[in-house]
Amino acid sequence: MSRMPSLTRGELSLEEQGIFDDIAAKRGSVYGPFPVLLSSPKVAGLTAKLGEYLRFESSLDPAILQLVTLTVAREWDCQCQWTDHEPQALEAGVPKATIDALKERRAPEGLVTDEAELVSFVQELIQNHQVSEAAFVRMKDRLGPLGLTDLIATIGYYSLLACVLNGFEIPPAFGREPLLPN
Amino acid sequence: MRLTEVAREDLHGRSQQIYDEIVASRGVVRGPFAALMHSPEVAGRAASLGAYLRFETSLDPKTLQIVTLAVAREWDCQYEWTAHEPQAREALVPEDTITAIKKRQAPEGLPEDEALLVRYVHELLRGHRVAPETFDRIQSRFSPLELTDLTITIGYYSMLACALIAYEVQPAEGVVPLLPL
């Protein structure tokens, strides 16, 4: 179970309840990292606001968004994040074979070029702390400056959440069965 | 930087407002926010989170800067390190501590309270897990509010590092890079 307390709406001040309600508005409820993040209410609100753009208003195609999120989750061995996003990825049209390749750490091998490029971009940034010139140019040409920035921000944002989810050992939301093998 | 910087004149409406808000808060749009400005909503929302973590955080300045330096070192992020080394000094982070982190020797040689912070960063960013002993110690030292601010700080400077690295953002002209790479 989580190492940190999860806050419920009833435990919050009036002002903090406003933050709670804003987080719940787009997502349907306050779950994942957010009940714990409410220990620092402004942080919870500001983090959620950034995430809201990246999840619901991003320029990225949903399948790309979910593929990138799963790749980040795999890189960080983040059970909560993976389990939350695997069904979303399937729904967005990410092929099951791709999801399995990621899950089993075989990706980008076996993936079609477009998918492989995205996975490699994420892996190179997180593992090697760099992006090669060729990979950068290809992604810039493919997504444009806005798309590329949304992509990089998505990698950064889900890495930020992974720190919280991993550090605090937050389990998958809604009692879901964990989907990421170790 | 690998992309041309977005000029204020190129932005309109809400995007230009975001630009102006960042200038109002930081004095200028540069570094990670210059990089992120190609997606103005991202730049704005990241800057808002960053403003809390810098100016309203529950953490004391020394803790904040030690953690930021440790994150910058882990990501080999020149811009972030170079910006924060002087801030760390100003926050009275000991010279030996700065050097130990810079040279990748930390947490060895650090006093226990500083070593604990660096260990927390390393365990999160390298192993993706925080050992029970480390977490117990850090949880007994920091309140839930502080520990939340601390952990999000690690995540936040990691997020900025992603942008700074991907866009190869360099320290401003005339600023000496301080991180051996």
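The rules behind these values
Residues numbered from 1 in each chain as written. Chains lettered and ligands numbered in written order. Predicted model: local features only at pLDDT ≥ 70, side-chain atom pairs only at ≥ 80, totals over all residues. Helix = DSSP H or I, 4+ residues; strand = E, 2+ residues; numbered from the N terminus. Rg over C-alpha atoms; globule rule 2.2 N^0.38 Å. Buried ≥ 20, exposed ≤ 12 C-beta atoms within 10 Å, placed from the backbone. Contact = placed C-beta atoms within 7 Å. Domains from an automatic or database assignment. Nonpolar A, V, L, I, M, F, W, Y, C, P; charged D, E, K, R; others polar. Expected span 1.5 Å × (residues − 1). Bend = angle between axes of the 7 residues up to and from the residue. pLDDT = per-residue confidence, 0-100. Axes fitted to C-alpha atoms, helices over the stretch in contact; angles between N-to-C directions. Parallel < 35°, antiparallel > 145°, perpendicular 65-115°, else oblique. Left-handed = near helix turned anticlockwise from the far one by under 90°.

Can you help me understand the overall build of chain A in this one?
A tally of regular secondary structure across chain A gives eight helices and zero strands. In chain A, the order of α-helices and β-strands from amino to carboxyl end is α-α-α-α-α-α-α-α. Relative to its length of 182 residues, chain A is compact, with a C-alpha radius of gyration of 17 Å against a globular reference of 16 Å. Dimensions of chain A, computed from C-alpha atoms along their principal axes, come out at roughly 50 × 35 × 30 Å. In chain A, buried positions account for 49% of the 182 residues. When contacts within chain A are restricted to residue pairs at least 6 apart in sequence, long-range pairs at least 24 apart make up 66% of them.

What's the story with the overall build of chain B in this structure? I'm lost.
Helices and strands together make up the secondary structure of chain B, namely nine helices and zero strands. In chain B, the order of α-helices and β-strands from amino to carboxyl end is α-α-α-α-α-α-α-α-α. Relative to its full complement of 181 residues, chain B shows a buried share of 50%. Across chain B, contacts joining residues at least 24 apart in sequence account for 65% of those joining residues at least 6 apart.

Where do I start with the domain arrangement of chain B in this structure?
For interface size, the figure often reported is the accessible area lost on association. Residues and elements named next belong to chain B. For chain B, the assigned domains read domain 1 (8–56) and domain 2 (61–166). Here domain 1 and domain 2 have C-alpha centroids that lie 24 Å from each other. Contacts between the two partners involve seven residues from domain 1, matched on the other side by nine residues from domain 2. When contributions to the side of domain 1 that touches domain 2 are tallied by element, the ones reaching two or more residues are α2 (32–36) and α3 (40–56). Here the residues of the side of domain 1 that touches domain 2 are counted per class, giving five nonpolar, two polar and no charged.

Would you mind going over the interface of chain A and chain B with me for this structure?
Listed by partner, the interface residues are 37 residues for chain A and 36 residues for chain B. It is helix α8 (residues 133–167) of chain A that provides the largest number of residues to the side of chain A that touches chain B, a total of 17 residues.

It is not clear to me how α8 of chain A should be interpreted in this structure. Could you clarify?
Helical geometry: 3.6 residues make up each α-helical turn, so side chains three or four residues apart lie on a common side. Residue and element names in this part refer to chain A. For α8, spanning 35 residues, the distance from its first C-alpha to its last is only 33 Å, which falls clearly below the expected 51 Å at 1.5 Å a residue. The axis of α8 is deflected most strongly, by about 110°, at Gly144, and proline Pro145 appears within four residues downstream. Once α8 ends, the next one or two residues include Glu169, with phi positive near 50°.

Explain the domain arrangement of chain A here, please?
Residues and elements named next belong to chain A. Taken domain by domain, chain A consists of domain 1 (9–57) and domain 2 (62–175). The centre of domain 1, based on its C-alpha atoms, is set 23 Å off from the matching centre of domain 2. Each side of the interface is counted separately: domain 1 has eight residues, and domain 2 has 13 residues. Ranked by the residues each element gives to the side of domain 1 that touches domain 2, the list is headed by helix α3 (residues 41–57), at three residues. Residues belonging to the side of domain 1 that touches domain 2 are distributed by class as follows: six nonpolar, two polar and no charged.

Mind showing me how you'd approach the confidence of the model for chain B here?
Regions with low pLDDT should not have their predicted coordinates read in detail. Mean pLDDT over chain B: 97, with 100% of residues reaching 70 or higher. Prediction confidence for the complex, expressed as pTM and ipTM, is 0.98 and 0.98 respectively.

Even after reading the chapter, I still don't get unusual backbone geometry, so can you show me in this structure?
What is expected of a backbone is that most residues other than glycine have negative phi and most peptide bonds are trans. With omega at 15°, the peptide bond leading from Ala107 of chain A into Pro108 of chain A counts as cis. As for its position among the elements, Pro108 of chain A is in the loop between α6 (96–103) and α7 (113–128). At the junction of Ala106 of chain B and Pro107 of chain B, the peptide bond is cis and its omega measures out at 10° in the coordinates. In this fold, Pro107 of chain B is placed in the loop between α6 (95–102) and α7 (112–127). Positive phi, close to 60°, is recorded for His129 of chain A, a residue that is not glycine. Structurally, His129 of chain A is set in the loop between α7 and α8.

Even after reading the chapter, I still don't get the packing of helix α4 (residues 61–74) of chain B against helix α9 (residues 144–166) of chain B, so can you show me in this structure?
All names here are of chain B. Interhelical geometry of α4 versus α9 gives an angle of 40° and a closest axis separation of 9 Å. It follows that α4 is oblique to α9 by the angle criterion. With respect to the hand of their crossing, α4 and α9 are arranged in right-handed fashion. In this structure, α4 contributes Leu64, Val67, Thr68, Val71 and Ala72 to the contact, and α9 contributes Leu150, Thr153, Ile154, Tyr157, Ser158 and Ala161. Of the residues assigned to the contact of α4 with α9, the class counts are eight nonpolar, three polar and no charged.

I keep staring at the packing of α3 of chain B against α9 of chain B and nothing clicks. Help me out?
Between two packed helices, the angle of one axis relative to the other and the distance separating the axes together describe the packing. All names here are of chain B. Two numbers describe how α3 lies on α9: the axes approach to 11 Å, and their chain directions differ by 130°. Of the possible angle classes, the one that applies to α3 and α9 is oblique. The way α3 lies across α9 gives a crossing that is left-handed. Contacts between α3 and α9 pair Leu49, Gly50 and Leu53 from the former with Asp149, Ile152, Thr153 and Tyr156 from the latter. Taken together, the residues of the contact of α3 with α9 sort by class into four nonpolar, two polar and one charged.

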